[in-house]
Amino acid sequence: MHTPKLSGRTAVVVGSTSGIGEAIAREFAANGAHVFVSGRRRERGGAVVDKIRSAGGIAEFIQTDASVPDELRWLLDSAVERTGRLDILVNNAATELTKPLVNCTTADFEHIMNVNLRSYFVASVHAVKLMLRTPTRGTILNINSVASERPVPGTGLYSMSKGAVRQLTKSLALEHAADGIRVNEIRPGMVQTEIFLAPEAQDVARMGIAATPLGRIGQPDEIAKAALHLVSDEAGFTTGSSLLIDGGLTI
């Protein structure tokens, strides 16, 4: 008989109204977690929750703008208020900008960093504080990108933000290992999400697929299954790690 790997646990997935985040939310719920779906789009968030509930899972949607620190803290506090615990945080908020660095403005920089980096920092720090209050502690998973080590021309700000997420992951893992809090990340390659399907990103997408040894784009479910492993007890001796799921792109 299949035993749910996350039975009784509370999971917050920041940025889960579509793509990788949605796939992770659904995978966690299918494995017994009480999942809090979050994002700016209420209609899409509600649709994700409906899919989870129709499959027999437990989920709630909390509308959250990841670029607003107070909303992220409120999201995490709400999960604890409703369930009494916080076991899992997944940071997955992301935005993209295709523009050479020399043409980027300070406003561009702030927008990318606020969503792709500051949201991870704010949510992670607050989650650690909440996890320290419970005897079971918890785990944090950052959804990063191969761009953290392999930038593509025209996506410099995105790559910069992702490189910083790698250091955030390692630093938090090191500082809180003694507390029993594990922090890991996944670095996907080309995955079929809104970012890579957008018209303005098609040139980058074609280059990425051409450079991927497996010769195809990845699917969100493939990332979600790896995420499940990293937040489960099966990965109890894993922290500070960075799992590449990129079809061989970085070989």
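Scroll up to find the structure.
To keep things clear, this report deals only with the structure shown in the data block.

Procedures and definitions
Residues numbered from 1 in each chain as written. Predicted model: local features only at pLDDT ≥ 70, side-chain atom pairs only at ≥ 80, totals over all residues. Heavy atoms only, no water. Helix = DSSP H or I, 4+ residues; strand = E, 2+ residues; numbered from the N terminus. Rg over C-alpha atoms; globule rule 2.2 N^0.38 Å. Buried < 20%, exposed > 50% of the residue type's maximum accessible area, 1.4 Å probe, protein only. Contact = heavy atoms within 4.5 Å. Areas by Shrake-Rupley, 256 points an atom, 1.4 Å probe, with all protein chains shown as cover. Lys, Arg positive; Asp, Glu negative; His and termini not counted. Charge placed at Lys NZ, Arg CZ, Asp CG, Glu CD. Pairing = 2+ DSSP bridges. Axes fitted to C-alpha atoms, helices over the stretch in contact; angles between N-to-C directions. Core = buried A, V, L, I, M, F, W, Y, C linked by side-chain atoms within 4.5 Å. Right-handed = clockwise from strand over helix to strand, strands pointing away. Parallel < 35°, antiparallel > 145°, perpendicular 65-115°, else oblique. Left-handed = near helix turned anticlockwise from the far one by under 90°. Nonpolar A, V, L, I, M, F, W, Y, C, P; charged D, E, K, R; others polar. Salt bridge = Lys/Arg side-chain N within 4 Å of Asp/Glu carboxyl O.

**Looking at the overall build of the protein chain**
Phase 1 of the analysis: Within the protein chain, the regular secondary structure consists of 8 helices and 7 strands.
Phase 2 of the analysis: What you see for the protein chain is a C-alpha radius of gyration of 17 Å, in line with the 18 Å of a compact globule of 251 residues.
Phase 3 of the analysis: Overall, the C-alpha framework of the protein chain stretches about 50 × 40 × 35 Å when taken along its three principal axes.
Phase 4 of the analysis: The buried share among the 251 residues of the protein chain stands at 51%.
Phase 5 of the analysis: Excluding contacts between residues fewer than 6 apart, the proportion of contacts in the protein chain whose partners are at least 24 apart in sequence is 71%.
Phase 6 of the analysis: Of the roughly 11,500 Å² of accessible surface on the protein chain, 55% is carried by carbon and sulfur atoms.
Phase 7 of the analysis: The protein chain carries 26 positive and 26 negative side-chain charges, and their two centres are separated by 2 Å.

**Observations concerning the sheet that holds strand β6 (residues 182–188)**
Phase 1 of the analysis: The parallel open sheet is built from 7 strands, whose spatial order is β3-β2-β1-β4-β5-β6-β7. Every other strand in the sheet has two partners, leaving β3 (58–63) and β7 (242–245) as the edge strands with one partner each. Each neighbouring strand pair of the sheet contributes to a mean axis angle of 20°, computed without reference to strand direction.
Phase 2 of the analysis: Here 4 bridges tie strand β4 (residues 88–91) to strand β5 (residues 139–143), and the two strands are oriented parallel to one another. Bridging from a neighbouring strand, asparagine 91 pairs with asparagine 142 of β5.
Phase 3 of the analysis: Lying over the sheet, helix α4 (residues 106–131) contacts β4 and β5, oriented at roughly 175° with respect to β4.

**Here we look at the nonpolar core**
Phase 1 of the analysis: Counting 58 residues, the largest nonpolar core has Val12, Ile24 and Phe28 as its most contacted members.
Phase 2 of the analysis: At 8 residues, α4 tops the list of elements feeding residues into this core.

**With respect to the pairing of β5**
Phase 1 of the analysis: Burial runs high along β5: 5 of the 5 residues are buried.
Phase 2 of the analysis: The alternating pattern of β5 places Thr139, Leu141 and Ile143 on one face and Ile140 and Asn142 on the opposite face, and all of these are buried.
Phase 3 of the analysis: Viewed along the sheet, the connection from β4 through α4 into β5 turns out right-handed.
Phase 4 of the analysis: Relative to β6, β5 runs parallel, the two being bridged by 5 bridges. Within β6, the position partnered with asparagine 142 by the bridge is glutamate 185.
Phase 5 of the analysis: Considered for its hand, the β-α-β crossover made up of β5, helix α5 (residues 156–176) and β6 is right-handed.

**Observations regarding the packing of helix α1 (residues 19–30) against helix α8 (residues 220–231)**
Phase 1 of the analysis: The interhelical angle for the contact between α1 and α8, taken along N-to-C directions, is 50°, at an axis separation of 8 Å. Judged by the inter-axis angle, α1 sits oblique to α8. Of the two possible hands of crossing, α1 and α8 adopt the one that is right-handed. Where α1 abuts α8, its residues Gly19, Ile20, Ala23, Ile24, Glu27 and Phe28 lie against Pro220, Asp221, Ile223, Ala224, Lys225, Ala227, Leu228 and Val231.
Phase 2 of the analysis: Counted by class, the contact of α1 with α8 contains 10 nonpolar, 1 polar and 3 charged residues.

**Let's talk about the pattern of salt bridges**
Phase 1 of the analysis: The final tally for this structure, using the stated rule, is 13 salt bridges.
Phase 2 of the analysis: When the shortest N-O distance is used, the salt bridge between aspartate 233 and arginine 9 registers 2.7 Å. Here arginine 9 lies in the segment before β1 (10–14) and aspartate 233 lies in the loop between α8 and β7, a separation of 224 residues in the sequence.
Phase 3 of the analysis: In this structure arginine 9 comes out as buried when scored by relative accessible area, which is 18%.
Phase 4 of the analysis: Note that arginine 26 is salt-bridged to glutamate 22, the shortest N-O span being 3.4 Å. One end of the pair is arginine 26 and the other is glutamate 22, both in helix α1 and 4 residues apart, which spans about a single turn.
Phase 5 of the analysis: Through salt bridges with shared partners, one network takes in Glu149, Arg166, Glu185 and Arg187.

So yeah, pure geometry; function would need other evidence.
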